[in-house]
Amino acid sequence: MKSELILETKNITKDFPGVRALDKVSFQLRKGEVLGMVGENGAGKSTLMKILSGAYSFHNYEGEIFLEGEQCNFSGPKDSQAAGIAIIYQELNLIPELTVAENIFLGREPLIGKSGIINQKELFCRTENLLKLLNIPASAHEQIKNLSIGKQQMVEIAKALSYQAKILILDEPTSALTEQEVKSLFKMINSLQERDVSMVYISHKLDEVFEITDRVTVLRDGKVIDTQPTTQLTHQKLVALMVGRDIKDMYPKGAAQVGEVALEVKNFFVDHPFLFGEKVVKNINFKVRKGEILGIAGLMGSGRSELVSAIFGAFPADSAGEIYIEGKEIKINSPYQAINYGLALVTEDRKLFGLVLSMQVGENITLSSLEKLSWYQIIKKRQENKTIKQYIQSLRIKTPAFEAVVNTLSGGNQQKVVIAKWLATNPKVLLLDEPTRGVDVAAKVEIYQLMNELTKEGVAVVMISSDLPEVLSMSDRILVMHEGQIAKEFIGSQATQEKIMFYATGGR
Ligand SMILES: Nc1ncnc2c1ncn2[C@@H]1O[C@H](COP(=O)(O)OP(=O)(O)OP(=O)(O)O)[C@@H](O)[C@H]1O
Ligand SMILES: [Mg+2]
């Protein structure tokens, strides 16, 4: 076991208006280790990493950072980069229109002599070498926008390492990766470890934390609760450290009365966004009943998100088929119409469709239900505030005030705001696309309980999820999608992870 320290913080305290995000945080990172950093949404993980990466300069926090025994004061990201610290953020930061090579060497391209002209040959050659070294299956000439999210992330890592990083921070790196991509990422992490790169690995996926880390540090409410070697922890013990209490039942599936058909979709097709004549959703037929939770499993790219987005009216020109609400055929040509018919969609990408990041928490929550809360265009302020308060409490959204800008909330708490926004519309049919991605364990249980309450009230729920234990435990029925089609339907109790994966990967 290696024990040589590379990085250490002492008593780091960071305040934001109304919140102490970090409270005397001291932790240690050893040379060549993967240190897991876990904690509930808003615990302070990302803030701590932003301090290490220089995103918050040393004027803006208290406490000290030591790198190989020397105290450092970073004034900006450049300082931290020069000291050998690289960070891969929760949201990727590449420029889609540029090539892999241009992204990696952005702002420090090799030049021809002193001419100021970029030495293209050298640029691409260096990039190819880097990609080869890291076993990244992409070409230096490829535009970023043509790469899968998994490959984009590897390019980010390549970029980070091209600065000779000794420390690599990964903040929820796998939230948008396929299982295959996660495997390649872990391979890469292992080979970096052999080269003595030290890593901090932040994740809400505890299985991954157990697989890839050597030790785990737990943060709660901005404080370090404990650090343990991974082998000495169990799943339950780790959860208890994170949330400060035991969670007995991760998946509290309630028994609701299943009623009439709430939503039926017939002969549904969605066109491929780029490839003319191709379909991403092919002849889908399904029903979901009041009080029922219908799970939709499948691999990334199997057409699940396109299906629910199209039902919700996101691409009226590129989808075709019949939609029935409570037995009546309707036409949905826009999300606005969908909302009026009683549909709600919690999307997987909260940045694109879910939230207006520059608006306040409260404004976001009531964004889609203003009509209900208005009377001749006048928003009933008291009613609105009541609604906001109700959701902040029931979902335990960690925010200093209604007026806080959504942007300043932690990733998981932003996701809760998206859910609140759609629940506030009182939907008949709730479409959930990866609702618990990036959400901590305790909040997951809260979301499941909320799903139970809604089904008890007769709401029909359609839940897309790549989290198999979640689909298996929470669904009454499960559809497995493969290449745009329904490959298999299970009654919830008859499915297993193996059976779902068999059909999701094209088995017959
Ligand atoms: N720029 C900011 N302005 C105001 N408050 C902030 C800002 N950034 C973070 N906070 C607050 O600091 C606390 C810690 O947030 P942080 O993003 O570090 O949490 P996290 O542990 O990364 O959570 P998650 O698991 O949800 O990503 C939260 O209460 C958050 O609202
Ligand atoms: Mg975070």
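Residues numbered from 1 in each chain as written. Chains lettered and ligands numbered in written order. Predicted model: local features only at pLDDT ≥ 70, side-chain atom pairs only at ≥ 80, totals over all residues. Heavy atoms only, no water.

**A short note on the overall build of the protein chain**
Link 1 in the chain: Of the regular secondary structure elements, the protein chain holds 18 helices and 22 strands.
Link 2 in the chain: Relative to the 2.2 N^0.38 estimate, which gives 23 Å for 508 residues, the radius of gyration of the protein chain is 24 Å and therefore close to what a compact globule would have.
Link 3 in the chain: Expressed as lengths along the three principal axes of its C-alpha atoms, the size of the protein chain is roughly 70 × 50 × 50 Å.
Link 4 in the chain: Per-residue burial for the protein chain yields a buried fraction of 52% across its 508 residues.
Link 5 in the chain: Within the protein chain, counting contacts between residues at least 6 apart in sequence, those at least 24 apart form 66% of the total.
Link 6 in the chain: A total of about 23,500 Å² of accessible surface is found on the protein chain, and carbon and sulfur atoms cover 50% of it.
Link 7 in the chain: Here the protein chain contributes 59 positively and 61 negatively charged side chains, and the mean placements of these two sets differ by 2 Å. (Helix = DSSP H or I, 4+ residues; strand = E, 2+ residues; numbered from the N terminus. Rg over C-alpha atoms; globule rule 2.2 N^0.38 Å. Buried < 20%, exposed > 50% of the residue type's maximum accessible area, 1.4 Å probe, protein only. Contact = heavy atoms within 4.5 Å. Areas by Shrake-Rupley, 256 points an atom, 1.4 Å probe, with all protein chains shown as cover. Lys, Arg positive; Asp, Glu negative; His and termini not counted. Charge placed at Lys NZ, Arg CZ, Asp CG, Glu CD.)

**Quick notes on unusual backbone geometry**
Link 1 in the chain: Residue Asn 11 is not a glycine yet carries a positive backbone phi of 50 degrees.
Link 2 in the chain: Relative to the helices and strands, Asn 11 resides in strand S1 (residues 5-16).
Link 3 in the chain: On the basis of relative accessible area, Asn 11 is assigned to the partly exposed category, the value being 42%.
Link 4 in the chain: The residue Glu 326 is not glycine, and still its phi comes out positive at about 45 degrees.
Link 5 in the chain: Structurally, Glu 326 is set in the loop between strand S14 (319-325) and strand S15 (328-330).

**Observations concerning helix H9 (residues 304-311)**
Link 1 in the chain: Counting buried residues in H9 gives seven out of eight residues, a clear majority hidden from the surface.
Link 2 in the chain: Buried within H9 we find Arg 304, Ser 305, Leu 307, Val 308, Ser 309, Ala 310 and Ile 311.
Link 3 in the chain: Among the residues trailing H9, Gly 313 stands out with phi positive, at a value near 85 degrees.

**Thoughts on the sheet that holds strand S19 (residues 429-433)**
Link 1 in the chain: Pairing is mixed across the open sheet formed by six strands, whose spatial order is S16-S19-S20-S13-S21-S22. Each having just a single partner strand, strand S16 (343-346) and strand S22 (485-491) make up the two edges of the open sheet. Strand-to-strand, the axes of this sheet are offset by a mean angle of 20 degrees, without reference to chain direction.
Link 2 in the chain: Its contacts with the sheet place helix H16 (residues 441-456) against strand S13 (293-298), S19 and strand S20 (460-464), and it is angled at close to 145 degrees to S20. (Pairing = 2+ DSSP bridges. Axes fitted to C-alpha atoms, helices over the stretch in contact; angles between N-to-C directions.)

**Overview of the site of ligand 1**
Link 1 in the chain: Looking at ligand 1, there are 21 residues lining it, with Lys 45, Thr 47, His 204, Ser 410 and Gly 412 nearest.
Link 2 in the chain: Between ligand 1 and Asn 41 there is a distance of 2.9 Å, counted from an oxygen atom to a side-chain nitrogen or oxygen.
Link 3 in the chain: With respect to ligand 1, the side chain of Lys 45 contributes an N or O atom lying 2.7 Å from an oxygen atom.
Link 4 in the chain: Secondary structure elements with two or more residues in the shell around ligand 1: strand S2 (19-30), helix H1 (45-52) and helix H15 (411-423).
Link 5 in the chain: The dominant element in the shell around ligand 1, judged by the number of residues it contributes, is H1, at three residues.
Link 6 in the chain: Residue assignment places the shell around ligand 1 across two domains, with domain 1 (5-243) and domain 2 (261-504) each supplying three or more. (Near = heavy atom within 4 Å. Polar contact = N/O pair within 3.5 Å; in protein donor to acceptor, adjacent residues only side chain to side chain. Domains from an automatic or database assignment.)

**Concerning the sheet that holds strand S6 (residues 85-88)**
Link 1 in the chain: With respect to topology, six strands assemble into an open sheet ordered S6-S7-S8-S3-S9-S10, the strand pairing being mixed. Strands at the two margins of the open sheet, each flanked by one partner only, are S6 and strand S10 (223-229). Each adjacent strand pair in this sheet contributes to an overall mean axis angle of 20 degrees, direction not counted.
Link 2 in the chain: Note: strand S3 (residues 34-38) against strand S8 (residues 198-202), four bridges, orientation parallel.

**Let's talk about the packing of helix H5 (residues 149-161) against helix H6 (residues 179-194)**
Link 1 in the chain: At a closest axis distance of 10 Å, the pairing of H5 and H6 adopts a crossing angle of 15 degrees. On the basis of their axis angle, the class for H5 and H6 is roughly parallel. When you trace H5 past H6, the crossing you get is right-handed. Counted together, Gly 150, Lys 151, Met 154, Ile 157 and Leu 161 of H5 and Glu 181, Ser 184, Leu 185, Met 188 and Leu 192 of H6 form the full contact between these two elements.
Link 2 in the chain: Looking at side-chain class alone, the contact of H5 with H6 contains six nonpolar, two polar and two charged residues. (Parallel < 35°, antiparallel > 145°, perpendicular 65-115°, else oblique. Left-handed = near helix turned anticlockwise from the far one by under 90°. Nonpolar A, V, L, I, M, F, W, Y, C, P; charged D, E, K, R; others polar.)

**Description of the environment of Lys 282**
Link 1 in the chain: Among the secondary structure elements, Lys 282 is positioned in strand S12 (residues 279-289).
Link 2 in the chain: Looking at Lys 282, the relative accessible area reads 27%, which means it is partly exposed.
Link 3 in the chain: As for Lys 282 and Asn 267, which are separated by 15 residues in sequence, their C-alpha atoms are 7.8 Å apart.
Link 4 in the chain: Once you skip the residues sitting within four places of it in the chain, Lys 282 turns out to touch Phe 268, Phe 269, Glu 483, Gly 484 and Gln 485.

**Things to note about the pairing of strand S9 (residues 215-220)**
Link 1 in the chain: Most of S9 sits out of view: five of its six residues are buried.
Link 2 in the chain: Alignment of S3 against S9, held across four bridges, turns out to be parallel. Bridged to Leu 35 within S9 is Arg 215.
Link 3 in the chain: Here six bridges tie S9 to S10, and the two strands are oriented antiparallel to one another. Among the inter-strand pairings, Val 216 is bridged to a residue of S10, identified as Gln 228.

**Quick look at the domain arrangement of the protein chain**
Link 1 in the chain: Here the domain parsing of the protein chain yields domain 1 (5-243) and domain 2 (261-504).
Link 2 in the chain: Using C-alpha coordinates to define each centre, domain 1 is positioned 31 Å away from domain 2.
Link 3 in the chain: On the domain 2 side, the residues contacting the 21 residues of domain 1 number 19 residues.
Link 4 in the chain: Taken together, the two surfaces of domain 1 and domain 2 that pack against each other cover about 1,400 Å², and 55% of this comes from carbon and sulfur. (Buried area = accessible area lost by both parts, 1.4 Å probe.)

**Observations concerning the side chain of Lys 416**
Link 1 in the chain: Positionally, Lys 416 belongs in helix H15.
Link 2 in the chain: An unpaired buried charge is present at Lys 416: no salt bridge exists, and Glu 446, the closest side chain of opposite charge, is 4.6 Å distant.
Link 3 in the chain: A distance of 2.9 Å separates the side chain of Lys 416 from the backbone oxygen of Arg 396, its partner in a polar contact.
Link 4 in the chain: Contact partners of Lys 416, with chain neighbours within four places excluded, come to Asn 41, Leu 395, Arg 396, Ile 397 and Ala 443. (Salt bridge = Lys/Arg side-chain N within 4 Å of Asp/Glu carboxyl O.)

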